[in-house]
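Each chain, written out:
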There are 2 protein chains.
Amino acid sequence: MKKLEEIVAKLSNVMVQMEDTAKDQFNLSNLTHTQMNYLETIHMLGNPNITELANILKLSKPTVKVAIDKFIEKDFVFKVQSDEDRRSAHLHLTEKGKLINQMHDFAHKRIAESFKGKLNDHETQTLIELLNKVLCK
Amino acid sequence: MKKLEEIVAKLSNVMVQMEDTAKDQFNLSNLTHTQMNYLETIHMLGNPNITELANILKLSKPTVKVAIDKFIEKDFVFKVQSDEDRRSAHLHLTEKGKLINQMHDFAHKRIAESFKGKLNDHETQTLIELLNKVLCK
DNA sequence: TGATTTAGTTAGTAATTACTAACTATATTT
DNA sequence: AAATATAGTTAGTAATTACTAACTAAATCA
């Protein structure tokens, strides 16, 4: 029987590979890792402005501005002027921009299905319970 | 009770976060994702030459050559001329270059320990058995 | 109301990452 | 032995990613 840390290493491998495959299947191979990270962070923060996004990513505002301009040009992101503060604009993902999150969901679903395919119902239930326990704070 | 794919999503999050933390602790924050990938691939292939590395990474030879030159300058990699074919050189990781793999091992160990801390011995054993089952081919 | 802060932008610069075309030197094929 | 193929390199180019300094316009503080 293997040690848990070896299994974690293998698990990490499987997940990275599945994400890569999903990225190909969603025709997102043209996006760099950095660009994916921008779109994921915008999704995570839920329509941040440029200043908030720059703070979270620990990048300068001009850097983020340039990146966002390119996303807008490529129709991954659009801006909505704020009513409360007319200096500020909220960043939104377009349908195309949301693909990134759908891609993640797809990869996770595929992994879950692969796991279920190798266990019976009782074992699956036990795995869910144990993982739920180790992942809670 | 949550669905397995939601748990997989959470698992993915936890692993990415732990790798990021480990990267900071190993003082590797100055390396880009692309650079990490080079060093991981050299480790995985075990002293490839530039042509092999370029093929696996699906990059041109000049691109890989330039990247390797920078790694050599920064003392992450060194070259060993081949005896069989004097045109060719094998790429080796220096101690500094091997840090990347130690960093991964460290992250996996930390995750495994965190999991063990939340389960009793019997549950840990069951988790190991179930994950072993889902991760085998 | 005037001074200061904040959100975003513009301009100029630099490192990284990637490419193709053309080259040298060694190895293999005919 | 000559022709071809392979390993690596050099040079020139381009997109991406990041920075600082300096700016405009709007909001807030004193």
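### Here we look at unusual backbone geometry
Moving on, step 1. A positive phi angle is found at Lys58 of chain A, which is not glycine, with a value near 55 degrees.
Moving on, step 2. Following the sequence through the fold, Lys58 of chain A ends up in the loop between α3 (50-57) and α4 (61-73).
Moving on, step 3. Here the phi dihedral of Asp75 of chain B falls at roughly 65 degrees; this positive angle occurs in a residue that is not glycine.
Moving on, step 4. Along the chain, Asp75 of chain B falls in the loop between α4 (61-73) and β1 (77-81).

### As for the side chain of Thr94 of chain B
Residues and elements named next belong to chain B.
Moving on, step 1. By the secondary structure assignment, Thr94 is in the loop between β2 (89-93) and α5 (95-116).
Moving on, step 2. Here Thr94 falls in the buried class, since its relative accessible area comes to 10%.
Moving on, step 3. When neighbours within four sequence positions are excluded, Thr94 is seen to be in contact with Asp75, Phe76, Val77 and Phe78.

### Some words on the protein's contact with DNA strand D
Moving on, step 1. Around DNA strand D, a shell composed of 24 residues is seen, among which Thr32 and Thr63 of chain A together with Thr51, Lys79 and Arg87 of chain B lie nearest.
Moving on, step 2. Among the atoms of DNA strand D lying within 4 Å of the protein, the sugar-phosphate backbone contributes 67%.
Moving on, step 3. One of the backbone N or O atoms of Ser60 of chain A is found 2.9 Å from a phosphate oxygen in DNA strand D.
Moving on, step 4. Between a phosphate oxygen of DNA strand D and a main-chain N or O atom of Ala89 of chain B, the distance comes to 2.9 Å.
Moving on, step 5. Among the elements of the structure, α2 (33-45) and α4 of chain A together with α3 (50-57) and α4 of chain B are those that each provide at least two residues to the surface near DNA strand D.
Moving on, step 6. Of the residues assigned to the surface near DNA strand D, the class counts are six nonpolar, eight polar and 10 charged.

### Description of the relation of the copies chain A and chain B
Moving on, step 1. Once chain A has been moved 0.0 Å along the axis and rotated by 180 degrees, it coincides with chain B to within an RMSD of 0.0 Å. Taken together, these values place the two copies in the relation of a two-fold axis. Minimal C-alpha separation from the rotation axis in chain A is found for Leu127 of chain A, amounting to 3.3 Å.
Moving on, step 2. Both copies present the same face, since 100% of the interface residues in chain A are matched by interface residues at the equivalent positions in chain B.

Basis of the calculations
Residues numbered from 1 in each chain as written. Chains lettered and ligands numbered in written order. Predicted model: local features only at pLDDT ≥ 70, side-chain atom pairs only at ≥ 80, totals over all residues. Heavy atoms only, no water. Helix = DSSP H or I, 4+ residues; strand = E, 2+ residues; numbered from the N terminus. Buried < 20%, exposed > 50% of the residue type's maximum accessible area, 1.4 Å probe, protein only. Contact = heavy atoms within 4.5 Å. Near = heavy atom within 4 Å. Polar contact = N/O pair within 3.5 Å; in protein donor to acceptor, adjacent residues only side chain to side chain. Nonpolar A, V, L, I, M, F, W, Y, C, P; charged D, E, K, R; others polar. Least-squares fit on C-alpha atoms with pLDDT ≥ 70 in both.

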